[in-house]
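The residues making up each chain are set out below.
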Amino acid sequence: MSSSLDSGPDAVLGSGSGSGWFTEVFDSHGSAFSLKVTEKLHEVQSPYQHLEVYATETYGNLMVLDGCVMLSDRDNFLYHEMIAHPALFTHAAPRRVVIIGGGDCGTLREVLRHPGVEKVTQIDIDEEVTLAAERFFPSLTASNDDPRAELMFADGVQWIEEAGDESVDVLIIDSTDPVGPAEGLFKTDFLRRCHRVLRPGGVLVQQSESPLYHSANIIRELRRDMREAGFDSVATLPFPQPVYPSGWWSVTLAGKALDVTAFRETDAAAHELPLDYYTVEAHRGALALPPFMRRLLNE
C-alpha cells in the first residue's frame, strides 16, 4: 500500500454523483494519473487520514488515502505479490512473519499462502483501512480468519520497539510514503530496531517508491540506511504498478546474515500458489537492476 510523496488530489467529479474522473497529480515530476469513476462508495475521516473508495469503469474499486491512490481491484496483485513472495522465498524457512502497515490485508493474504508460515502478525495504526477493505475489497481480506493470522491496530514503530530480540523471521514494512503516520518507518533508528528483532538469516522488506522518480533519493537513502542499521546485504526489486506514480514501483530487501540477492529458486519454481505475477523468472529479472538505477544508486 503506497502513495506519492509529491502528489496531490485533483478530483474532477460530477456534482453530487461522484462520477467523473479522479486524477492524482505528481507536481514535481510534471505527471498525473487518472481513472474514470462512476460512484463514490465510501468516505471517512479517521484520526490519521482521509479515506475514500470509488467505483471505476475499468479498474474496479479504488481506495484513496489523503487524496493519493492506494490500491485498485485490477492491479493490486502486483504490489502484494512482490512485497511478500520475494522475501519469503529468500528466507530459508520462514515461520514467524510480521507486517507493519498493510491494513488492506492483501499482503497478509499472500504471506498466508505459504504453508510453512506458522504465525503472521499485522500491525496497522488505522482500523478504518481494514474495515473499508472488508467491505469493498473482500478478496484481499479473505484470509483474515486464518488461525495463523493476528490483526492489531496499533503503532507499528512502538510494536517494534517492544518486540523481543531475534523473534521474527521475515519483517514486511507495507507502509505508505515516509510522511505522516509512516514517516518513522523510514528512519535509521527504526531500521536498527528491525535488525534487532530479526533472527539471523532474517529478511526485512520495505516498499521503496518509484525506480524512475526516486532512485537518486529515497531508494538510495533507504539502501544506505539499511546497511548502516547493520544489514549485511540489500536488493531493490522493481515491478510494474499502473496506479502508482510513473507506473513503476519497487520493494527493497535487506538480509541479516543473509545474501538477499539469492533465493530458493527451486522452491520458487515448484510452488503451486495461485499467483498472477510472481514467478521464479520474475524474481530473477527484478534482481537485475537496469543501468540507470545502478548509476543513480552510486553502486
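Please refer to the structure placed before this passage.
Keep in mind that this is a model prediction, so the values were computed, not measured.

Caption draft 1: Looking closely at the environment of Leu 273. Counting through the fold element by element, Leu 273 comes out in the loop between helix H7 (265-270) and helix H8 (280-287). In this structure, the C-alpha to C-alpha distance between Leu 273 and Gly 101, residues 172 residues apart in sequence, is 24 Å.

Caption draft 2: Geometry of the sheet that holds strand E13 (residues 233-240). One open sheet holds the seven strands; their spatial order is E10-E9-E8-E11-E12-E14-E13, and the pairing between them is mixed. On the outer flanks of this sheet lie strand E10 (149-153) and E13, each paired with one strand and no other. The mean inter-strand angle of the sheet, taken between neighbouring strand axes irrespective of direction, is 15°. When strand E8 (residues 96-101) meets strand E9 (residues 119-124), the two strands line up parallel, connected through five bridges.

Caption draft 3: The packing of helix H5 (residues 188-197) against helix H6 (residues 211-228), seen in detail. Where H5 contacts H6, the axes come no closer than 8 Å and their chain directions differ by 50°. Considering their axes alone, H5 and H6 lie oblique with respect to each other. Between H5 and H6 lies a crossing whose hand is right-handed. Residue-level inspection shows Thr 188, Leu 191 and Arg 192 of H5 in contact with H6, the latter providing Leu 222, Asp 225, Met 226 and Glu 228. Grouping the amino acids of the contact of H5 with H6 by side-chain chemistry returns three nonpolar, one polar and three charged.

Caption draft 4: Inspection of the nonpolar core at higher detail. Counting residues in hydrophobic clusters, the biggest one holds 45 residues, and the most contacted among them are Val 97, Val 111, Val 120, Ile 172 and Leu 253. Among the elements that make up this core, the one with the highest residue count is helix H1 (residues 76-90) (seven residues). Once you skip the residues sitting within four places of it in the chain, Val 111 turns out to touch Ala 84, Leu 88, Val 97, Ile 99, Val 117, Val 120 and Ile 172. Counting 21 residues, the second largest nonpolar core, distinct from the first, contains Ile 123, Leu 198, Leu 222 and Val 234.

Caption draft 5: Spatial organisation of unusual backbone geometry. A positive phi angle, near 75°, is found at Cys 105, a position not held by glycine. Turning to its location among the elements, Cys 105 is positioned in the loop between E8 and helix H2 (106-112). Here Cys 105 falls in the buried class, since its relative accessible area comes to 0%. The backbone phi angle of Glu 209 is positive, close to 70°, even though this residue is not glycine. One can find Glu 209 in the loop between strand E12 (198-207) and H6.

Reading guide: rules and limits
- Residues numbered from 1 in each chain as written.
- Predicted model: local features only at pLDDT ≥ 70, side-chain atom pairs only at ≥ 80, totals over all residues.
- Heavy atoms only, no water.
- Helix = DSSP H or I, 4+ residues; strand = E, 2+ residues; numbered from the N terminus.
- Pairing = 2+ DSSP bridges.
- Axes fitted to C-alpha atoms, helices over the stretch in contact; angles between N-to-C directions.
- Parallel < 35°, antiparallel > 145°, perpendicular 65-115°, else oblique.
- Left-handed = near helix turned anticlockwise from the far one by under 90°.
- Contact = heavy atoms within 4.5 Å.
- Nonpolar A, V, L, I, M, F, W, Y, C, P; charged D, E, K, R; others polar.
- Core = buried A, V, L, I, M, F, W, Y, C linked by side-chain atoms within 4.5 Å.
- Buried < 20%, exposed > 50% of the residue type's maximum accessible area, 1.4 Å probe, protein only.

What is shown is where atoms sit, not what they do.
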